[in-house]
Amino acid sequence: MTIAQLRVMDPNTQTFYVIAAGLNFSLSLTLLTFSYLRPATLVTRAAATAILMAAVAMFAAGYAPLLPSWTVVGTNLLLIAAVAVLHSGVAAYCAQRPPTPDRCGWAIVALSAVPFWYWGLVQPNGIYRTVLLSFAITAVNGRTALRLGRFFIQKSGGVPVAVLGVLFAALSVWMGVRGLVLLTAAPVPVEHRGANPTAWVTVFWYIVLTSLIAVCVIWMEVERFQAARDDYGQARGHLLGATAATRDNLLLLWSAVVILAVGIISEVGITYQALYQDEDRRLQTGAALVSEARVEHRVAVVTEVDTLAGRRAVERIRPIAFSAALAEIVIVMLAVILTRVIRERDEQGRFIAMLSHELKTPLSALRMALGSEAMYRTARLQAMRSVEDMTGVIERCLLADRFRHGRVSLDLQRCDLGAVLRELCAVGALADRTVLEVSDLPECKTDLPLIRVVLSNLIDNAGKYGAAGQDVRIAASPKARVGKHGVAITVTNAVGSAGFPDERRVFQKYYRAPGAHRKTGSGLGLYLAFSLARLLGGRLHYLSTDSEVSFELWVPAAIR
């Protein structure tokens, strides 16, 4: 057996390898993206690295005739090393610790190097190489399946752990049976002995199993993050927001969609190549008789056979490709629907969490006040303040629900915002802490009740979360924006114990700064102010300095 014989490869086998490599590159990119968006993963990075190593090995195997001869040894060792890296990630997940190298797996890699070198370069034999590869992968994946099984039984692992364990067990059995079948198969001709015996069925099921493993890996990580949040919430004794859980669920959903889409495309490619191979074989058999009879036209006959095989393969793959495209469209549509459902559930979860947390404090104050034998003036004021807090929370919730369902109607009318500000500052709870500066303002055409809600929320937010005893400064002056005349109203307060809000999230629904939870609030005030300002044709911006927090509201002036 010569090296030249080793470097001969069936073009169909080359195509199978390249398609599998493309799938692996896509899966690795998906897993790495998930790891980037969700740090502190245990098994995802290891899985991404392992699949990337498999992609390099598949790509090198596909282009083996163009690469140095030693790559036939390196690709097989790289595949075994990939499953060893994946085992280390699974072991880290089960032990809840950072990944460490799998010594047993790397020992199998080292022990396989010499046989691969001998059957790859000294005495090339593709059957023996494949048998050795199958048994080595069976050993490593069998250990991974056992590790997952023990973790599932001892620590009540979730559904993704069980599914991943079954997948690794199936992969181990498949590779073991494949090795035994090849070992007991009839000897191949000498001229084909150096080639790898890879059929389209092998690549087809490899794509299915690898895609499912990638989905299960992300599923496992999401379940671990959710379990950690549940434990934290129970330890702290309060409900946590559902935003992080929703984000993880959406990441899982769309990662699965991407993996399924890439897997379907790969399977269509494999199916087309298998159909082409089948048609080509059938036509070559018939053309052999013709070419023997007319030797001078042999080249033309072979060319015509290849063209006809491609046409027939396209005709046979067309309904399969149409079904695959339809399946991808259905999958994306279902994912969009599930995304909306998940977000609505998140909305409901955050709403319930907000109500249960924010109504506890005023209810406790009411209970204490009403439980006293003689309700003194201080207790009565505390009870009234608690009732007002609860009323404010409920009113904001109702307005937010109306806005969400598009049931907020506008009644535009001319008004003097200076007079509105004077009224709000005079009758509000912050009358003794408000410093108002109003210039000569133009009239504005807006919805008076809604603009009062916006201004009230801004003033209430400044008084509640500003520094205790410090004034709340309100300034109103004419200001043009993008060529339009209008009024700019700035509400400024010194930073209190709640600290600075997150500039990126300050107008998000239910957002409250970490230090703001000591006071009653709904997390809807600034969200409503921002949303209503846009509805009224204005804009609301967050401004801050080293010691102050400011919000600037711009309202367009009425056209004269």
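Definitions and cut-offs
- Residues numbered from 1 in each chain as written.
- Predicted model: local features only at pLDDT ≥ 70, side-chain atom pairs only at ≥ 80, totals over all residues.
- Heavy atoms only, no water.
- Axes fitted to C-alpha atoms, helices over the stretch in contact; angles between N-to-C directions.
- Helix = DSSP H or I, 4+ residues; strand = E, 2+ residues; numbered from the N terminus.
- Parallel < 35°, antiparallel > 145°, perpendicular 65-115°, else oblique.
- Contact = heavy atoms within 4.5 Å.
- Nonpolar A, V, L, I, M, F, W, Y, C, P; charged D, E, K, R; others polar.
- Buried < 20%, exposed > 50% of the residue type's maximum accessible area, 1.4 Å probe, protein only.
- Polar contact = N/O pair within 3.5 Å; in protein donor to acceptor, adjacent residues only side chain to side chain.
- Expected span 1.5 Å × (residues − 1).
- Salt bridge = Lys/Arg side-chain N within 4 Å of Asp/Glu carboxyl O.
- Pairing = 2+ DSSP bridges.

Quick word on the packing of helix α3 (residues 44-62) against helix α4 (residues 71-95)
With their axes 8 Å apart at the nearest point, α3 and α4 run at an angle of 170° to one another. Overall, the two elements α3 and α4 adopt an arrangement that is roughly antiparallel. Judged by residue contacts, Ala 46, Ala 47, Thr 49, Ala 50, Met 53, Ala 54, Val 56, Ala 57, Ala 60 and Ala 61 of α3 engage Thr 75, Leu 78, Leu 79, Ala 81, Ala 82, Val 85, Leu 86 and Gly 89 from α4. Here the contact of α3 with α4 is composed, by residue class, of 15 nonpolar, 3 polar and no charged.

Structural notes on the side chain of Ser 550
Its place among the elements puts Ser 550 in strand β7 (residues 548-556). Ser 550 sits in the buried class, given a relative accessible area of 11%. Only 2.9 Å separates the side chain of Ser 550 from the side chain of Thr 492, close enough to count as a polar contact. If we ignore the near neighbours within four places in the chain, the residues touching Ser 550 are Thr 490, Val 491, Thr 492, His 541, Tyr 542 and Leu 543.

Things to note about α4
Taking 1.5 Å of rise per residue, 25 residues should cover 36 Å, and α4 covers 36 Å from first to last C-alpha, within 8% of that figure. Within α4, 22 of the 25 residues are buried, which leaves the element mostly enclosed by the surrounding structure. Looking one or two residues beyond α4, the residue adopting positive phi is Gln 96, at roughly 55°.

What to know about the side chain of Thr 434
Locating Thr 434 in the fold gives a position in strand β2 (residues 434-438). On the basis of relative accessible area, Thr 434 is assigned to the buried category, the value being 17%. Thr 434 has contacts with Cys 425, Val 472 and Ile 474, leaving out every residue within four places of it along the chain.

A short note on the pattern of salt bridges
Taken as a whole and judged by the stated rule, the model has 8 salt bridges. Between Arg 224 and Glu 221 there is a salt bridge; the shortest N-O distance is 3.2 Å. Pair noted here: Arg 224 and Glu 221 are both in helix α8 (residues 200-236), with a separation of 3 residues, about one helical turn. You can call Arg 224 buried: its relative accessible area is 17%. Overall, Glu 221 belongs to the buried group, its relative accessible area being 0%. The partner of Arg 473 in a salt bridge is Glu 548, with the nearest N and O atoms 2.9 Å apart. Here the residue Arg 473 occupies a position in strand β4 (residues 472-478), and Glu 548 occupies one in strand β7, the gap between them amounting to 75 residues. For Glu 548, a relative accessible area of 22% translates into the label partly exposed.

Considering the sheet that holds strand β5 (residues 486-494)
Overall, mixed pairing links the 5 strands, which are arranged β2-β4-β5-β7-β6 in an open sheet. Every other strand in the sheet has two partners, leaving β2 and β6 (539-544) as the edge strands with one partner each. On average, adjacent strands in this sheet sit at an angle of 15° to one another, irrespective of strand direction. Pairing geometry for β5 and β7, over 9 bridges, is antiparallel. Within β7, the residue paired with Thr 492 across the bridge is Ser 550. Here helix α13 (residues 417-427) sits on the sheet and contacts β2, β4, β5 and β7; the angle it forms with β2, its principal contact strand, is near 170°. Along the sheet face, helix α15 (residues 525-535) touches β6 and β7 and points at about 135° away from the line of β6.

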